Amino acid sequence: MASSADYERIFMLLYSNVAGQALAVALDLEIVDAIDSGLTDPTELARGLNADPRNLTRLLRALAGLGLCAEDDTGRFSLTESGKLLRKTDPNSLASLAKLTTVHIGDLVSWHEMKSSVLTGKCAFKDRNGTDFFGYLTAHPELYESLNLAMRQGSRLIAKDIAQAYDFPEGAAVTDIGGGDGTLLGNVLAAHPGLTGTLYDTAAGVAQAKVTLDEVGVADRCTVTAGDFFQYVPAGSDVYLIKSVLHDWDDSAAHEILVNCRRAIPDHGRLLILEPVLDDSVAASGAVYSRLSDLNMMTALGGRERSREDFEKLCAKAGFDVIQVRKLERFDLSLIEAAPAPVEGQR
């Protein structure tokens, strides 16, 4: 017999769109930053936002129910630790990522079209827009900027974990493939002063790289190169990073990227893939984040999240052996270390 917790779970799912819109309104009106600045009384806050005090209070109480703020006995509101992560000034802010997902996502993905992807096996986004996700962003630079800001925040949160999770060889050259503004590579270089780096992405992707690399003080040890990883990957490094790239693409496209990586990487080199790794065992329910991310990739980009077996097959086909998979602490990400496979006769 279903328990009250079972019913509550279903009702939370039914209202998940409402919760997302509540967060979207809070971000669009910059309510979190206003509370953080001292506007904790709903009436004062409404005056500052030119909002209706009664309905604003209703929104604030819903945000409190979601664990983002708290109301005291005087009716004033303060941010919870979770809510503070949505401040634009927080060094670990998720504001841009949350705004992309809740405010701008309607311009990028129509989620009711997920059904089309399930039935046809095709990318619903591409069918609707006549171009793939990144082609659409190129034609809408304001959305591309929002995506880059969101990805920067996500990379910043795990960059130091990655820098510490892998034993980078002293004096190694490191290339970050599809590395955006350099947040990940910059933190790796900052944590390992003996390393040098190459940041590689499209011209739009690396547009803010100089600012980022200057901020962490590694610009003098890092070369920024614009290009297309479907065409080539720069040679000459010992370690290659590729974070949250392969899952954007189907197996055929991901194979192309990995083949270009193999052409660039020396026999002693290493490829570090940073992505969720699905557990496809019968007993595993799977982490919610990676499973929902998989649906996002299916509907919006035509890509997929992969299991360890999937990565091993994909890497082997491109000339790599997976030698270890290490789960990181946050965001359900894993570090997949791959080495160039010995050529036939050298095994």
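Just so it is clear, the model here is predicted, and its values are computed rather than measured.

Secondary structure assignment for the chain yields 16 helices and ten strands. Relative to the 2.2 N^0.38 estimate, which gives 20 Å for 347 residues, the radius of gyration of the chain is 22 Å and therefore close to what a compact globule would have. The C-alpha extent of the chain, read off along each of the three principal axes, is 75 × 50 × 40 Å. The buried share of the chain, reckoned over its 347 residues, is 45%. Here the contacts in the chain between residues at least 6 apart in sequence split such that 65% fall between residues at least 24 apart. Carbon together with sulfur atoms contributes 53% to the accessible area of the chain, which is approximately 17,900 Å² in total. Taking the average place of the 33 positive charges on the side chains of the chain and the average place of its 49 negative ones, the gap between the two points comes to 2 Å.

As a further point, take the nonpolar core. One finds L271 and I273 to be the most contacted residues of the largest nonpolar core, which totals 28 residues. Among the elements that line this core, the one with the most residues is helix α14 (residues 251-264), at seven residues. If sequence neighbours within four positions are ignored, I273 has contacts with I242, L246, L258, F311, C315, S334, L335 and I336. If you look at the next biggest cluster of nonpolar residues, it comprises 27 residues, including F168, L184, L213 and L274.

Before going further, it helps to spend a moment on the packing of aromatic side chains. Overall, the coordinates contain eight aromatic pairs when judged by the stated rule. Both rings, one in F230 and one in W249, keep their centres 4.9 Å apart while their planes meet at 85°; by these two values the pair is edge-to-face. Placement of F230 in the loop between β5 (222-226) and β6 (239-243) and of W249 in the loop between β6 and α14 is noted, with a sequence separation of 19 residues between them. Residue W249 is classed as buried on the basis of its relative accessible area, which comes to 16%. Three or more aromatic residues joined by ring pairs form one cluster here, namely F125, F133, F134, Y136, F229, F230 and W249.

As annotated by UniProt and renumbered to match this structure, "domain: O-methyltransferase dimerisation" (unreviewed entry) occupies residues 16-86. Annotation note: span residues 16-86, helix share 62%, strand share 8%, distance between end C-alpha atoms 18 Å.

Looking now at unusual backbone geometry. Backbone geometry at E30 places phi at a positive 55°, although glycine is not the residue there. Here E30 is to be found in the loop between α2 (16-28) and α3 (31-36). Looking at E30, the relative accessible area reads 37%, which means it is partly exposed. Positioned with a positive phi, S244 is a non-glycine residue whose angle comes to about 50°.

Our next topic: helix α5 (residues 53-65). Here α5 contains 13 residues, and its C-alpha end-to-end distance of 18 Å stays within 8% of the 18 Å for a straight helix at 1.5 Å per residue. Residues of α5 that are buried sit in contact with α2, α3, α4 (42-49), β1 (69-71) and β2 (77-79). The first or second residue beyond α5 is G67, which carries a positive phi of 85°.

Right, let's get into the environment of L79. Structurally, the position occupied by L79 is in strand β2. Exposure remark for L79: the relative accessible area of 14% places this residue in the buried category. With 35 residues separating them along the chain, L79 and E44 place their C-alpha atoms 16 Å apart. With residues up to four places along the chain from it excluded, the contact list for L79 reads V32, I35, D36, L68, C69, K84 and R87.

By domain assignment, the chain separates into domain 1 (4-87) and domain 2 (95-340). For the pair domain 1 and domain 2, the summed buried area comes to about 530 Å², and 67% of that belongs to carbon and sulfur atoms. Run the count over domain 1 and domain 2 and you get zero salt bridges. In this assembly, domain 1 and domain 2 are joined by zero residue pairs in polar contact (both at pLDDT 80 or more). A class-by-class count of the residues in the side of domain 1 that touches domain 2 yields five nonpolar, two polar and two charged.

In terms of residue burial, helix α12 (residues 183-191) counts as a mostly covered element, since seven of its nine residues are buried. Those residues of α12 that fall on the buried side of the exposure criterion are T183, L184, L185, G186, N187, V188 and L189.

Taken as a whole, this structure holds 19 salt bridges when the rule is applied. Among the ionic pairs, R304 bridges to D310, the shortest N-O distance being 3.0 Å. Residue classification places R304 among the partly exposed residues on the basis of a relative accessible area of 26%. We note a salt bridge from K313 to E309, for which the minimum N-O separation is 3.2 Å. Note that K313 and E309 are positioned in helix α16 (residues 308-318) at a spacing of four residues, about one turn of the helix. We classify K313 as exposed; its relative accessible area is 53%. Beyond isolated ion pairs, a larger network of salt bridges with shared partners links D251, R304, R306 and D310.

Summarising the element assignment, R306 is placed in strand β8 (residues 306-307). For R306, the side chain forms a polar contact with the side chain of D251, separated by 2.8 Å. In this structure the side chain of R306 is engaged in a polar contact, spanning 3.4 Å, whose partner is the backbone oxygen of R304. Beyond its immediate sequence surroundings of up to four residues, R306 is in contact with L246, H247, W249, D250, D251, A254, P276, V277, L278, F311 and L314.

The rules behind each value
- Residues numbered from 1 in each chain as written.
- Predicted model: local features only at pLDDT ≥ 70, side-chain atom pairs only at ≥ 80, totals over all residues.
- Heavy atoms only, no water.
- Helix = DSSP H or I, 4+ residues; strand = E, 2+ residues; numbered from the N terminus.
- Rg over C-alpha atoms; globule rule 2.2 N^0.38 Å.
- Buried < 20%, exposed > 50% of the residue type's maximum accessible area, 1.4 Å probe, protein only.
- Contact = heavy atoms within 4.5 Å.
- Areas by Shrake-Rupley, 256 points an atom, 1.4 Å probe, with all protein chains shown as cover.
- Lys, Arg positive; Asp, Glu negative; His and termini not counted.
- Charge placed at Lys NZ, Arg CZ, Asp CG, Glu CD.
- Core = buried A, V, L, I, M, F, W, Y, C linked by side-chain atoms within 4.5 Å.
- Phe/Tyr/Trp six-rings, centres within 6.5 Å; stacked < 30°, edge-to-face > 60°.
- UniProt positions renumbered as here; feature names shortened; annotations may be inferred.
- Expected span 1.5 Å × (residues − 1).
- Domains from an automatic or database assignment.
- Buried area = accessible area lost by both parts, 1.4 Å probe.
- Salt bridge = Lys/Arg side-chain N within 4 Å of Asp/Glu carboxyl O.
- Polar contact = N/O pair within 3.5 Å; in protein donor to acceptor, adjacent residues only side chain to side chain.
- Nonpolar A, V, L, I, M, F, W, Y, C, P; charged D, E, K, R; others polar.

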